[in-house]
Amino acid sequence: MAVRPTSPPDSALVGLLADVARGIAEAVGEEVGGSAPRAGSTQYAFDLVADAVAVDRLLAAGCGVLSEESGAHETGRDVVVVVDPIDGSGNAARGSGPFGPSLCAFDSSGPAAACVLDLASGDLYTAARGTGAALNGVQLARPASGPITSAHVVVSGPVPRRPPWRSTTQLHATAHELCQVAAGRFDAYVNTDDDLSAPWDYLGGSLICQEAGLAIADARGRELAVISAEARRQPLAATSRELLAELRRYAVTATARG
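How do you make sense of the packing of aromatic side chains when you look at a structure like this?
When we look at a pair of aromatic rings, we describe it by the centre distance and by the angle of the planes. Inspection of the entire model under this criterion finds 2 aromatic pairs. The interplanar angle of 10° and the centroid separation of 5.0 Å between the aromatic rings of Tyr44 and Phe46 together place this pair among those described as stacked. Residue classification places Tyr44 among the buried positions, given a relative accessible area of 13%.

See below:
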């Protein structure tokens, strides 16, 4: 049954997004792993398959779509879903995780629901505005936080030579990196490149982090919750506001140094 675009409950939107993500998982099947981009393009065949599933199902459900792969579709509708059909396409091409769809639904009040599905592990992250976030149906609680010197940080962009935190990991899939911070597998996420991340890269993971009780912001104080194909941001997330503030100072300084 289609979800109506006129103020559907956020929980219904979560269900819709999860159904779309599972549809993508079924459609891409064996196409991931050992793949190469199309000639003259950065798109993989599985990106286009996943995009077609997402766009078709969301439009049929009465939603508009802003997709990394195919752009804007009916974005004047009351609910618009920002979609990265396969976040971490490079990982998917190598057959190593994390990778998979990231979706974030917007209504007139902003981000309402999100879903990120890791096709490598099967982990399903979901969030509905004001009701919390979950991993595989189990509610996420804000992980404990410590000082930056003991933090395990996942980094998108150039890896700093001498960062102030304890250890650095790169997973090359922004939405999934943010979700793993929300799940307590890392203490923070840092983007070291200004104006690199588009909304479809971070919005799904951003709402999941927020609903899990994490602190999240753009390094330069710009609004993260935007629906624009041209917008670029430098998202940061941490298990506490204090850690976020320290990471923000570092990220802005590191970006300024180039």
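Now that the structure is up, let's keep going.
Explain the state of the cysteines here, please?
A disulfide bridge is the covalent bond that connects two cysteines by way of their sulfur atoms. Taken as a whole, this structure holds 0 disulfides when the rule is applied. For the unlinked cysteine Cys115, the closest cysteine sulfur is that of Cys179, found at 8.9 Å. Cys209 supplies the cysteine sulfur nearest to Cys179, a cysteine that is in no disulfide, at a spacing of 6.6 Å. Here Cys179 falls in the buried class, since its relative accessible area comes to 0%.

I'm lost on the packing of helix α4 (residues 174-182) against helix α5 (residues 199-211) in this one. Help?
Packed helices, taken two at a time, are described by the angle between their axes plus the distance between the axes. Viewed as axis vectors pointing N to C, α4 and α5 meet at an angle of 10°, and their least axial separation amounts to 7 Å. If you check the angle between α4 and α5, you find them roughly parallel. Packed against α4, whose contacting residues are Thr174, Ala175, Leu178, Cys179 and Ala182, the element α5 presents Asp201, Tyr202, Gly205, Ser206, Ile208 and Cys209 at the interface. Residues that form the contact of α4 with α5 fall into these classes: 7 nonpolar, 3 polar and 1 charged.

Where do I start with the pattern of salt bridges in this structure?
Applying the stated criterion to the full structure yields 4 salt bridges. Salt-bridge contacts for Asp123 lead to Arg185; the nearest nitrogen and oxygen are separated by 3.2 Å. Here Arg185 lies in the loop between α4 and β11 (188-191) and Asp123 lies in the loop between β5 (110-117) and β6 (124-128), a separation of 62 residues in the sequence. With relative accessibility at 40%, the residue Arg185 sits in the partly exposed group. Notably, a salt bridge pairs Arg222 with Asp218, separated by 2.8 Å at the nearest N-O pair. Accessibility expressed as a relative area gives 1% for Asp218, which makes it buried.

How should the sheet that holds strand β2 (residues 71-73) be read in this particular structure?
Note on sheets: strands pair through backbone hydrogen bonds, and any given pair is parallel or antiparallel. Spatially, β2-β1-β3-β4-β5-β6-β7-β8 is the arrangement adopted by the 8 strands of the open sheet, whose pairing is mixed. Two strands lie at the open edges of the sheet, namely β2 and β8 (138-139), each paired on one side alone. Taken together, the 6 bridges between strand β4 (residues 100-107) and β5 define a ladder with antiparallel strand orientation. If you follow Asp107 over to β5, its bridge partner there is Gly110. Relative to the sheet, helix α1 (residues 10-28) contacts β3 (80-87), β4, β5 and β6, its axis offset from that of β5 by approximately 30°.

Looking at this structure, I do not really get α5. What am I missing?
Residue pairs spaced three or four apart in an α-helix point in one direction, given the helix's 3.6 residues per turn. The terminal C-alpha atoms of α5 lie 18 Å apart, and with 13 residues this matches the ideal 18 Å at 1.5 Å per residue to within 8%. Taken together, the buried positions of α5 are Pro199, Trp200, Asp201, Tyr202, Leu203, Gly204, Gly205, Ser206, Leu207, Ile208, Cys209 and Glu211. Note on α5: the residue one or two positions beyond its end, Gly213, has a positive phi of about 95°.

Conventions we followed
- Residues numbered from 1 in each chain as written.
- Predicted model: local features only at pLDDT ≥ 70, side-chain atom pairs only at ≥ 80, totals over all residues.
- Heavy atoms only, no water.
- Phe/Tyr/Trp six-rings, centres within 6.5 Å; stacked < 30°, edge-to-face > 60°.
- Buried < 20%, exposed > 50% of the residue type's maximum accessible area, 1.4 Å probe, protein only.
- Disulfide = S-S within 2.5 Å.
- Axes fitted to C-alpha atoms, helices over the stretch in contact; angles between N-to-C directions.
- Helix = DSSP H or I, 4+ residues; strand = E, 2+ residues; numbered from the N terminus.
- Parallel < 35°, antiparallel > 145°, perpendicular 65-115°, else oblique.
- Contact = heavy atoms within 4.5 Å.
- Nonpolar A, V, L, I, M, F, W, Y, C, P; charged D, E, K, R; others polar.
- Salt bridge = Lys/Arg side-chain N within 4 Å of Asp/Glu carboxyl O.
- Pairing = 2+ DSSP bridges.
- Expected span 1.5 Å × (residues − 1).

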